[in-house]
Amino acid sequence: MKIEIAFLYNDLMNIYGDRGNVITLTRRCEWRGIEAKVTPLTVGDKLDPDKYDLYFFGGGQDREQYTVADDLKGEKGRLLKQAATEGAVILGICGGYQLLGHYYRPFEGPDLPGIGALDIHTIAGHQRYIGNVVVETAFGTLVAFENHSGKTYLGSQAHPLGKSVIGGGNNGEDSTEGAIQQNVFGCYLHGSLLPKNPHFADHLLKLALQRRYGAVELSPLDNKLEEAAHHSAMQRARETR
Ligand code: GLN
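All of the points below concern the structure found in this document. For every chain, the first residue of its written sequence is number 1, and the numbers climb from 1 along that sequence. Reporting in this predicted model follows two pLDDT cut-offs: at least 70 for local features of residues, and 80 or more for side-chain atom pairs to be given and counted; totals over whole chains, interfaces and linings ignore these cut-offs and use all residues. Hydrogens and water molecules were not included; the side-chain quantities draw on all heavy atoms of the structure.

## Looking at the sheet that holds strand S11 (residues 179-181)
Adjacent strands of a sheet form backbone hydrogen bonds with each other and so pair up, either parallel or antiparallel.
Item 1. Each pair of strands is called paired provided DSSP finds at least two bridges between the two strands. Secondary structure elements follow DSSP: runs of H or I of four or more residues count as helices, runs of E of two or more count as strands, with numbering from the N terminus. Read from one edge of the open sheet, six strands run S2-S1-S3-S4-S12-S11, paired in mixed fashion. The sheet terminates laterally at strand S2 (35-41) and S11, the two strands that pair on one side only. On average, adjacent strands in this sheet sit at an angle of 15 degrees to one another, irrespective of strand direction.
Item 2. The pairing of strand S3 (residues 54-57) with strand S4 (residues 89-93) spans four bridges and is classified as parallel. The residue bridging Phe57 from the neighbouring strand is Gly92, located in S4.
Item 3. The contact definition used throughout considers only heavy atoms, calling two residues in contact when any of these lie within 4.5 Å. Helix axes use the C-alpha atoms of the stretch in contact, all axes being lines fitted to C-alpha atoms, and the angles between their N-to-C directions lie in the range 0 to 180 degrees. In this fold helix H5 (residues 198-213) packs onto strand S1 (2-8), S3, S4 and strand S12 (184-187), with an angle of close to 120 degrees to the strand it touches most, S1.

As structure tokens, this is what we get:
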């Protein structure tokens, strides 16, 4: 089997080592004999919605979000939303998550339009949520790191990725973390997220592969190291927040 991964704005939206998510997805395919091709798609690059199985959209500061939001206005954002509507897997983290929604309202200036693939909107808040986090989800417990001032609110078409057990979650108010709509997953979980949460990485890979190949079973991998990292991050979250 083969998987085509689009690394959206790899040069702009990649803070806190979010590219570690792309490395994890690639390795967990290669270890299983699945060919993984990663294509960086940044400002000005054309997007073919029929080519990619999985899109990764990392985090970035507000200034990068201005540049990216501008590039996503019009055709490119419409094609990315089309891919989402047709069932492609998208993982957006923090700034990328925010631009998958309807808009991100920074402290100053106009709203940054998102592509509307997630029924969410985000408003910059006065409190910055920073630290290790733990989230209970249907895919198991996720451990990660957050750093955002944006407060994200879900509309009726999206449902939460999980319940924030330690950390600020989407907005510090409703104990939700992240959002899911079709195969689009957004969250505030840096870290990077997938190396320490292999079960979630495999869930995304399975969704992406089965869209192209039908029912897919991923062979089990030795997750000893990943689980040790997961446990260590869990301990850190408990001790530091
Ligand atoms: N502008 C965003 C915020 O602070 C995103 C930051 C990020 O991607 N870490 O909420």
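## Observations regarding the site of the ligand
Item 1. Residue proximity to a molecule or strand is established when one non-hydrogen atom of the residue lies within 4 Å of it. Taken together, the neighbourhood of the ligand is formed by 15 residues, with Asp62, Gln65, Cys94, Gly95 and Gly150 sitting nearest.
Item 2. Contact distances for the ligand include 3.1 Å between an oxygen atom and a side-chain N or O atom of Gln98.
Item 3. Two N or O atoms form a polar contact when they lie within 3.5 Å of each other; inside protein one atom must be a possible hydrogen donor and the other a possible acceptor, and for residues adjacent in sequence the pair counts only when both atoms belong to side chains. Within the side chain of Arg128, an N or O atom sits 3.0 Å from an oxygen atom of the ligand.
Item 4. Using a 1.4 Å probe, the Shrake-Rupley method yields the accessible areas, and only the shown protein chains count as cover for residues. In isolation the ligand offers 300 Å² of accessible surface; the protein chains occlude 99% of this area.
Item 5. Breaking the shell around the ligand down by element, the ones donating at least two residues are helix H2 (62-72), helix H4 (95-99) and strand S8 (140-154).
Item 6. Ranked by residue count, the leading element in the shell around the ligand is S8, at four residues.
Item 7. Tallied by class, residues from the shell around the ligand come to three nonpolar, 10 polar and two charged. Each residue gets one of three labels, nonpolar for Ala, Val, Leu, Ile, Met, Phe, Trp, Tyr, Cys and Pro, charged for Asp, Glu, Lys and Arg, and polar for the others, Gly among them.

## Some thoughts on the nonpolar core
Item 1. Remark: nonpolar core denotes a set of buried residues (Ala, Val, Leu, Ile, Met, Phe, Trp, Tyr, Cys) joined through side-chain atoms within 4.5 Å. Think of it in three bands: with a 1.4 Å probe and only protein chains considered, a residue is buried below 20% of the maximum accessible area for its type, exposed above 50%, and partly exposed in between. By size, the foremost hydrophobic cluster in this structure holds 67 residues, and its most contacted members are Ile3, Tyr55, Phe57, Leu161, Phe185, Leu189 and Phe200.
Item 2. Residue contributions to this core peak at seven residues, all from H5.
Item 3. With residues near it in sequence (within four places) discarded, Tyr55 still touches Ala6, Leu8, Leu47, Asp48, Pro49, Leu80, Ala83, Ala88, Val89, Ile90 and Leu91.
Item 4. Listed in part, the six residues of the second largest apolar core include Val134, Val143, Ala233 and Met234.

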